[in-house]
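Each chain, written out:
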Amino acid sequence: VNKYAVQVLPLPVTILLIQTLTTAVLLQAMAAMQMIRVPSIRAIRVQQLAPLSICYSVHAVLVLYSLAFLSIPMYNTLKRLTPVMVLATKAVMDKRWPDAQTTSSVLLIVSGCMVAGAGDLSFDGQGYSLALLCAFMQATYILLAEKASGSVHAACPSEDGVAPLSATELLYSICVISVPALVAVCVISGEGARAPRHIKQLQSSMGHTTFYAWLGITAVTEGLLTGSVILCTQMNSALTTSIVGVLKGAVSSVLGFFLLGGVKFHIVNVAGITMNMVGGIWYSAVQYMRRKTAA
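Everything numeric in this text was worked out from a predicted model, so none of it was measured.

Thresholds, definitions, all that
- Residues numbered from 1 in each chain as written.
- Predicted model: local features only at pLDDT ≥ 70, side-chain atom pairs only at ≥ 80, totals over all residues.
- Heavy atoms only, no water.
- Axes fitted to C-alpha atoms, helices over the stretch in contact; angles between N-to-C directions.
- Helix = DSSP H or I, 4+ residues; strand = E, 2+ residues; numbered from the N terminus.
- Parallel < 35°, antiparallel > 145°, perpendicular 65-115°, else oblique.
- Left-handed = near helix turned anticlockwise from the far one by under 90°.
- Contact = heavy atoms within 4.5 Å.
- Nonpolar A, V, L, I, M, F, W, Y, C, P; charged D, E, K, R; others polar.
- Patch = residues over 30% accessible without salt bridge, like charges linked within 9 Å, V, L, I, M, F, W, Y side chains within 5 Å.
- Areas by Shrake-Rupley, 256 points an atom, 1.4 Å probe, with all protein chains shown as cover.
- Salt bridge = Lys/Arg side-chain N within 4 Å of Asp/Glu carboxyl O.
- Buried < 20%, exposed > 50% of the residue type's maximum accessible area, 1.4 Å probe, protein only.
- Expected span 1.5 Å × (residues − 1).
- Bend = angle between axes of the 7 residues up to and from the residue.
- UniProt positions renumbered as here; feature names shortened; annotations may be inferred.
- Phe/Tyr/Trp six-rings, centres within 6.5 Å; stacked < 30°, edge-to-face > 60°.
- Core = buried A, V, L, I, M, F, W, Y, C linked by side-chain atoms within 4.5 Å.

Student: Teacher, can you tell me more about the packing of helix α2 (residues 12-32) against helix α3 (residues 46-69) here?
Tutor: Packed helices, taken two at a time, are described by the angle their axes make and the gap between the axes. The geometry of α2 relative to α3 is characterised by a closest axis approach of 9 Å and an angle of 130° between their N-to-C directions. In terms of their interaxial angle, α2 and α3 are classed as oblique. In the packing of α2 onto α3, the handedness of the crossing is right-handed. On the side of α2, the interface is formed by Pro12, Val13, Ile15, Leu16 and Thr20, while α3 contributes Tyr56, Ser57, Ala60, Val61, Leu64 and Tyr65. A breakdown of the residues in the contact of α2 with α3 according to their chemical character gives nine nonpolar, two polar and no charged.

Student: Hey, could you run me through a nonpolar patch on the surface in this one?
Tutor: A cluster of nonpolar side chains, namely Leu26, Val220 and Leu224, defines an oily patch on the protein surface of about 260 Å² accessible area. Note on placement: valine 220 falls in helix α11 (residues 208-235). For valine 220, a relative accessible area of 30% gives the class partly exposed.

Student: I keep staring at α3 and nothing clicks. Help me out?
Tutor: In an α-helix, one turn spans 3.6 residues, which is why side chains three or four residues apart end up on the same side. With 24 residues, α3 should reach 34 Å at 1.5 Å per residue; the first-to-last C-alpha distance of 34 Å fits that figure. The largest bend in α3 is about 25°, located at leucine 52.

Student: I tried to follow the UniProt feature "transmembrane region" (unreviewed entry) in the protein on my own but got confused; where do I start?
Tutor: As recorded in UniProt, the feature "transmembrane region" (unreviewed entry) lies at residues 12-33, 54-75, 170-190, 211-231, 237-260 and 267-285. Within the segment residues 170-190, helix and strand shares are 95% and 0% respectively, and the terminal C-alpha atoms sit 30 Å apart.

Student: Looking at this model, I keep getting lost on the packing of α2 against helix α9 (residues 167-189). Mind explaining?
Tutor: One can describe the packing of α2 onto α9 by two numbers: an axis separation of 8 Å at closest approach and a directional angle of 145°. Crossing of α2 against α9: the hand is left-handed. Between α2 and α9, the residues in contact are Val13, Thr14, Leu16, Leu17, Thr20, Leu21, Thr23, Ala24, Leu27 and Gln28 and Thr168, Leu171, Tyr172, Cys175, Ser178, Val179, Leu182, Val183, Val185 and Cys186, respectively. A class-by-class count of the residues in the contact of α2 with α9 yields 14 nonpolar, six polar and no charged.

Student: Can you walk me through the packing of aromatic side chains in this structure?
Tutor: Two numbers describe a pair of aromatic rings. These are the distance of the centres and the angle of the planes. For the structure on display, the rule yields two aromatic pairs. Judged by centre distance (5.2 Å) and plane angle (75°), the ring pair of phenylalanine 211 and tyrosine 212 falls under edge-to-face. Looking at phenylalanine 211, the relative accessible area reads 3%, which means it is buried. With a centroid separation of 6.0 Å and an interplanar angle of 45°, the aromatic rings of phenylalanine 211 and tryptophan 214 are classed as tilted. In this pair, phenylalanine 211 and tryptophan 214 both sit in helix α11, three residues apart, roughly one turn of the helix. Note on tryptophan 214: relative accessible area 10%, which makes it buried. Through a chain of ring-to-ring contacts, three or more aromatic side chains come together here, namely Phe211, Tyr212 and Trp214.

Student: Please explain unusual backbone geometry as it appears in this structure.
Tutor: Although it is not a glycine, glutamine 34 sits at a positive phi angle of roughly 60°. Of note, glutamine 34 is situated in the loop between α2 and α3. By relative accessible area, glutamine 34 is classed as exposed at 73%.

Student: Just to check I follow, could you spell out helix α10 (residues 191-206) for this structure?
Tutor: A rise of 1.5 Å per residue sets the reference length of α10, with its 16 residues, at 22 Å; its end C-alpha atoms lie 21 Å apart and thus fit the reference within 8%. Every buried residue of α10 is accounted for by Glu191, Ala195, His198, Leu202, Gln203 and Met206. Contact partners of the buried residues in α10: α1 (2-8), α2, α3, α9 and α11. One or two positions beyond α10, positive phi appears at glycine 207, with a value near 95°.

Student: Would you take a moment to explain the nonpolar core for this structure?
Tutor: Nonpolar side chains in soluble globular proteins generally cluster together in the buried interior. Core analysis: the largest hydrophobic core is formed by 55 residues, its most contacted members being Leu16, Leu52, Tyr141, Trp214 and Ile230. Residues Leu81, Val84, Leu87 and Ile109 belong to the second largest nonpolar core, which totals seven residues.

Student: What am I meant to see in the environment of arginine 291 here?
Tutor: Within the secondary structure, arginine 291 is located in helix α13 (residues 267-294). Expressed as a C-alpha distance, the spacing of arginine 291 and threonine 240, which sit 51 residues apart in the sequence, is 9.4 Å. Once you skip the residues sitting within four places of it in the chain, arginine 291 turns out to touch Ser237 and Thr240.

Following this line, the structure appears as structure tokens:
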């Protein structure tokens, strides 16, 4: 959805602003109907949640910019470095290095990235740099979300003073904090001035019904994704969330070979993507079995 969005509306910050604002409004509406609970604006601990909100915004914008330059399979290949970064960070923090199977699967992931890059006929240095930075920001974002599940929740209780913030409450807080910053970036970058003309042209070319259907799907996608990431991290861990992302990437990579521009086939490129995908699945299986055994 994001790949198509940035193809038809090349204004990444504007797209994210629409998605973030829509998420906040929908959550507020659901809270008004007593379907969920969201914290009041004054109850949101901006100082504590600011780092997480900044990482969320930067990561989401980088996703859109990366997809503008890269095919979906190559984007997913580079993003599979996220669990590697999470694992490396945790290894340093815990002063404990991973076992042989984990190390081997990680090496296969990294080797796959290198081989895929060597055989990428549509190589774009800017796209690669953005995707790698995106992987780093996602790792940071997930680790902060995991930390927020304990420290920030305890410091920012729900209105009854007992229950911790739920995933929807944390998502709402992030969106509320992020919207003003995204508005400022839109104005400073000039996207805000260009957006009305681009949107009008897009509406004319798509037709009213198709345009509003596309806009609705695009607007809610980021909120669903971010909320799912937060919920998964709260219920499991940052490492598990990054692993699930690897498995999701395997499916979207297969689809990406043929959709939205596809991939220029080259045996080295396909071999690298395959290595990377196998390494990701192997890594995920090792971590899953370890958690299952521990449970």
